[in-house]
Amino acid sequence: NPPLDETGQPKPEAEKIIDPYARELDSPPASQWNVRKAQRYSPMAVIPDARAMKDFDWQGVASPNYHLKELIIYEAHVRGFTKNPDSGLTQQDSQAGTFLGFLE
């Protein structure tokens, strides 16, 4: 039961979770990412335009048809993953902290 404001909406400090079945996330504009207010930058689930999703051109790419429980999803911070000398990059000076370093 999150704390509610006078209009019945959850207060900004209420704990939020992201819907794991959300097809699209949105967040405040980049200009607000570092603004220190009660409501900080955090992605929120949105209801996407069904017409846009239906009309998206996948250019022949087919779904791998894996069930969600069969997936293993890795999350990594690119800079942190590659900046440390232990990352083993062959070009540490130029690729550390970059997507190219992550691919290596």
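Conventions we followed
Residues numbered from 1 in each chain as written. Predicted model: local features only at pLDDT ≥ 70, side-chain atom pairs only at ≥ 80, totals over all residues. Heavy atoms only, no water. Helix = DSSP H or I, 4+ residues; strand = E, 2+ residues; numbered from the N terminus. Buried < 20%, exposed > 50% of the residue type's maximum accessible area, 1.4 Å probe, protein only. Contact = heavy atoms within 4.5 Å. Areas by Shrake-Rupley, 256 points an atom, 1.4 Å probe, with all protein chains shown as cover. pLDDT = per-residue confidence, 0-100. Patch = residues over 30% accessible without salt bridge, like charges linked within 9 Å, V, L, I, M, F, W, Y side chains within 5 Å. Salt bridge = Lys/Arg side-chain N within 4 Å of Asp/Glu carboxyl O. Polar contact = N/O pair within 3.5 Å; in protein donor to acceptor, adjacent residues only side chain to side chain.

Participant: Explanation requested: the overall build of the chain in the structure shown.
Facilitator: Of the regular secondary structure elements, the chain holds 4 helices and 2 strands. Put simply, the chain has 104 residues, and 8% of those count as buried. If you take every contact in the chain between residues at least 6 apart in sequence, the share linking residues at least 24 apart comes to 15%. By element, 54% of the accessible surface of the chain is carried by carbon and sulfur atoms, the whole surface being about 9,900 Å².

Participant: How should I be thinking about the confidence of the model for the chain in this particular structure?
Facilitator: Detailed reading of predicted coordinates is not advised where the pLDDT is low. For the chain, per-residue confidence averages 79 on the pLDDT scale, and 83% of positions sit at 70 or higher. Of all the helices and strands in the chain, strand S2 (residues 44-45) carries the lowest mean pLDDT, 76, while helix H4 (residues 99-103) carries the highest, 88.

Participant: What exactly am I supposed to notice about a nonpolar patch on the surface here?
Facilitator: Taken together, the side chains of Tyr21, Tyr66, Leu68, Leu71 and Ile73 present a nonpolar region at the surface, about 630 Å² in accessible area. With respect to the secondary-structure elements, Tyr66 resides in the loop between helix H1 (50-55) and helix H2 (78-83).

Participant: Would you mind going over the environment of Asn84 with me for this structure?
Facilitator: Locating Asn84 in the fold gives a position in the loop between H2 and helix H3 (92-95). Between the C-alpha atoms of Asn84 and Gly97, which are 13 residues apart in sequence, the distance is 8.7 Å. In this structure the side chain of Asn84 is engaged in a polar contact, spanning 2.8 Å, whose partner is the backbone nitrogen of Asp86.

Participant: How should unusual backbone geometry be read in this particular structure?
Facilitator: Residues apart from glycine generally show negative phi values, whereas peptide bonds are mostly found in trans. If you check the backbone angles, Asn65 has positive phi at about 60° while not being a glycine. Note on placement: Asn65 falls in the loop between H1 and H2.

Participant: Explain the side chain of Gln95 here, please?
Facilitator: Residue placement: Gln95 occurs in helix H3. Residues in contact with Gln95, not counting those within four places in the same chain, are Thr82, Leu89, Leu100, Gly101 and Glu104.

Participant: In this structure, what is going on with the side chain of Thr82? I would like to understand it.
Facilitator: Examined against the element boundaries, Thr82 turns out to sit in helix H2. In this structure the side chain of Thr82 is engaged in a polar contact, spanning 2.6 Å, whose partner is the backbone nitrogen of Gly97. Apart from the residues within four sequence positions on either side, Thr82 is in contact with Ser87, Leu89, Gln92, Gln95, Ala96, Gly97, Thr98, Gly101 and Phe102.

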